[in-house]
Amino acid sequence: SQQGEEDPQALSIQEGENATMNCSYKTSINNLQWYRQNSGRGLVHLILIRSNEREKHSGRLRVTLDTSKKSSSLLITASRAADTASYFCATDVGPYNNNDMRFGAGTRLTVKP
Amino acid sequence: ETGVTQSPTHLIKTRGQQVTLRCSSQSGHNTVSWYQQALGQGPQFIFQYYREEENGRGNFPPRFSGLQFPNYSSELNVNALELDDSALYLCASSMGQGDEQFFGPGTRLTVL
């Protein structure tokens, strides 16, 4: 069953603008990860944030995690046309950190040149 | 490229048949997880193998089974295929449980 829910389902912005995607989940987690997927191909790992962390940065990406609200956000700054993809959050809910990852349905981001 | 490879790339089967999908994990990784991704949906966790033992399973029936070999490559077997089994099947490897996962490009299975 799906655990994470991304919001919005679809987002269309102009190149250079910032894109913010949100993820809500239901149960306690070990960590939360964000992935990108281009046109039904394999997923590319973006950032992993552990349950005791609140914010992480990687290049133009910023991820926040609020465990009290069971939510996370992914911010892509200065977007580029190449950022066009589907973005998924995934929560690791398995006991013993066994990678029982629960994905949401994703946010489809379109960046117009 | 993550170093995780999957074969075949595409596969067409008919209802009731059996299928085997293969995954070679990234060098140094001892954990492999399998996911099913239906069109327009996020991946659904099938199961994970850690050092050749199943270590966690999602909500999939027993006709979905797997193996992990001593070199940590893995197979996903699906028996008695159903139309709803049509999906992209992804495997992901990691250095250990709870670590960052690296995904392969997937196998697109179509069941007619």
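Relevant structure appears above.
Calculation rules
Residues numbered from 1 in each chain as written. Chains lettered and ligands numbered in written order. Predicted model: local features only at pLDDT ≥ 70, side-chain atom pairs only at ≥ 80, totals over all residues. Heavy atoms only, no water. Pairing = 2+ DSSP bridges. Helix = DSSP H or I, 4+ residues; strand = E, 2+ residues; numbered from the N terminus. Axes fitted to C-alpha atoms, helices over the stretch in contact; angles between N-to-C directions. Polar contact = N/O pair within 3.5 Å; in protein donor to acceptor, adjacent residues only side chain to side chain. Buried < 20%, exposed > 50% of the residue type's maximum accessible area, 1.4 Å probe, protein only. Salt bridge = Lys/Arg side-chain N within 4 Å of Asp/Glu carboxyl O. Phe/Tyr/Trp six-rings, centres within 6.5 Å; stacked < 30°, edge-to-face > 60°.

1. Thoughts on the sheet that holds strand 7 (residues 64–68) of chain B
Across a sheet, paired strands are connected by hydrogen bonds in the backbone, their directions being either parallel or antiparallel.
Residues and elements named next belong to chain B.
Working step 1: Read across the sheet, four strands follow the order 1-3-8-7 without closing on themselves; strand pairing throughout is antiparallel. At either end of the open sheet lies a strand with only one pairing partner, and these are strand 1 (5–7) and strand 7. Here the average twist between neighbouring strands, direction ignored, is 20°.
Working step 2: As defined by bridge partners, strand 3 (residues 19–24) adjoins strand 8 (residues 74–78) across five bridges and the pair is classed as antiparallel. Looking across to strand 8, one finds that V19 is bridged to V78.

2. Things to note about the environment of A:H57
Residue and element names in this part refer to chain A.
Working step 1: Inspection of the secondary structure assignment puts H57 in strand 6 (residues 55–58).
Working step 2: Considered as a pair, H57 and L75 are 18 residues apart in the sequence and their alpha carbons are 9.5 Å apart.
Working step 3: In terms of polar contacts, H57 uses its side chain to reach the side chain of E55, at 2.6 Å.

3. Comments concerning the pairing of strand 5 (residues 44–50) of chain B
All names here are of chain B.
Working step 1: In terms of burial, strand 5 is largely enclosed, as five of its seven residues are buried.
Working step 2: With six bridges connecting them, strand 4 (residues 31–37) and strand 5 associate as antiparallel partners. Bridged to Q36 within strand 5 is Q44.
Working step 3: The antiparallel hairpin formed by strand 4 and strand 5 contains six residues in its connecting segment, where G40 sits at a positive phi of about 80°.
Working step 4: Sheet analysis places strand 5 next to strand 6 (residues 53–57), joined by three bridges and oriented antiparallel. The residue of strand 6 that forms the bridge with F47 is R57.
Working step 5: Taken together, strand 5 and the strand that follows it, strand 6, pair antiparallel across an intervening segment of two residues, in which R51 is found at a positive phi of about 50°.

4. Some details on the pattern of salt bridges
Pairs may arise between side chains of opposite charge once their charged atoms sit close together.
Working step 1: Taken as a whole and assessed by the stated rule, the structure comprises six salt bridges over all chains.
Working step 2: Residue A:E55 pairs with A:R62 through a salt bridge whose shortest N-O separation is 3.2 Å.
Working step 3: The exposure class of A:E55 is partly exposed, given its relative accessible area of 39%.
Working step 4: Where B:D85 meets B:R63, a salt bridge forms, and the shortest distance between an N and an O atom there is 2.8 Å. Within this pair, whereas B:D85 is found in the loop between strand 8 and strand 9 (87–94), its partner B:R63 is found in the loop between strand 6 and strand 7, the two being separated by 22 residues in sequence.
Working step 5: By relative accessible area, B:D85 is classed as buried at 3%.
Working step 6: Given the relative accessible area of 16%, B:R63 is considered buried.
Working step 7: When salt bridges with common partners are traced through the structure, they connect B:R63, B:E82 and B:D85 into a single cluster.

5. Re the packing of aromatic side chains
Working step 1: Here the structure, examined in full by the defined rule, presents nine aromatic pairs over all chains.
Working step 2: When the ring of A:F103 is compared with that of B:F103, the centres are 6.3 Å apart and the planes differ by 85°; the resulting orientation is edge-to-face. Separated into two different chains, A:F103 in strand 10 (residues 101–103) and B:F103 in strand 10 (residues 102–103) make up a pair that spans both. Across the pair, B:F103 and A:F103 agree in class, each one buried.
Working step 3: Judged by centre distance (5.1 Å) and plane angle (65°), the rings of B:F60 and B:F64 are edge-to-face. Each member of the pair, B:F60 as well as B:F64, carries the same accessibility label: buried.

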